[in-house]
Amino acid sequence: MKLLQNIAGAAPRTHMNSFAETLCFITRYCFDETCVWFNHVVVMEGFPVSQVTQEQKQEYARRLLKERTNRRKFQEVANEFGLLCRGILHTEYAQETSKSLLS
């Protein structure tokens, strides 16, 4: 759970790629366990932050599981989720800073 909390904003965005790669690896090689874990996390109220709805968490969990074999897409989805949790998704600031962080 700490991994998702870090992606959601507990850690600086400069570490996003490291956390996303770790989560991608876990998702790829422990797929069944990750599905169970995501289903548990999705229903937790207020996790990782209260501003993210259950529907949004379900959508991002689905997208992450779908992209488990494409590291670059997985990182993009994880970054998007992190921006959503921080409340800056679709802002000019997020778009500008994400370009340098994802490379």
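One can find the structure itself at the top, above this paragraph.
The sections below set out a description of the structure shown in this document.

What counts and what doesn't
- Residues numbered from 1 in each chain as written.
- Predicted model: local features only at pLDDT ≥ 70, side-chain atom pairs only at ≥ 80, totals over all residues.
- Heavy atoms only, no water.
- Axes fitted to C-alpha atoms, helices over the stretch in contact; angles between N-to-C directions.
- Helix = DSSP H or I, 4+ residues; strand = E, 2+ residues; numbered from the N terminus.
- Parallel < 35°, antiparallel > 145°, perpendicular 65-115°, else oblique.
- Contact = heavy atoms within 4.5 Å.
- Nonpolar A, V, L, I, M, F, W, Y, C, P; charged D, E, K, R; others polar.
- Salt bridge = Lys/Arg side-chain N within 4 Å of Asp/Glu carboxyl O.
- Buried < 20%, exposed > 50% of the residue type's maximum accessible area, 1.4 Å probe, protein only.

### Describing the packing of helix α1 (residues 2-10) against helix α5 (residues 71-86)
When two helices pack together, you describe them by how their axes are tilted relative to each other and by the distance separating the axes.
(1) Moving on: Here α1 crosses α5 at 60°, and the two axes come no closer than 7 Å. Here α5 runs oblique to α1, going by the angle between their axes. Note on element contacts: α5 touches α1 through Ala78, Phe81, Gly82, Cys85 and Arg86, opposite Leu4, Asn6, Ile7, Ala8 and Gly9.
(2) Moving on: Residue composition of the contact of α1 with α5, grouped by class: six nonpolar, three polar and one charged.

### Description of the pattern of salt bridges
(1) Moving on: Applying the stated criterion across every chain, the model contains three salt bridges.
(2) Moving on: Between glutamate 59 and arginine 62 there is a salt bridge, and its shortest N-O distance comes to 2.7 Å. Note that glutamate 59 and arginine 62 are positioned in helix α4 (residues 54-66) at a spacing of three residues, about one turn of the helix.
(3) Moving on: A residue is classified by how much of its surface remains accessible, and arginine 62, at 45% relative accessible area, is partly exposed.
(4) Moving on: A salt bridge links arginine 63 to glutamate 80; its shortest N-O distance comes to 2.9 Å. Of this pair, arginine 63 sits in helix α4 while glutamate 80 is found in helix α5, placing the two residues 17 residues apart along the sequence.
(5) Moving on: By relative accessible area, which is 26% here, glutamate 80 ends up partly exposed.

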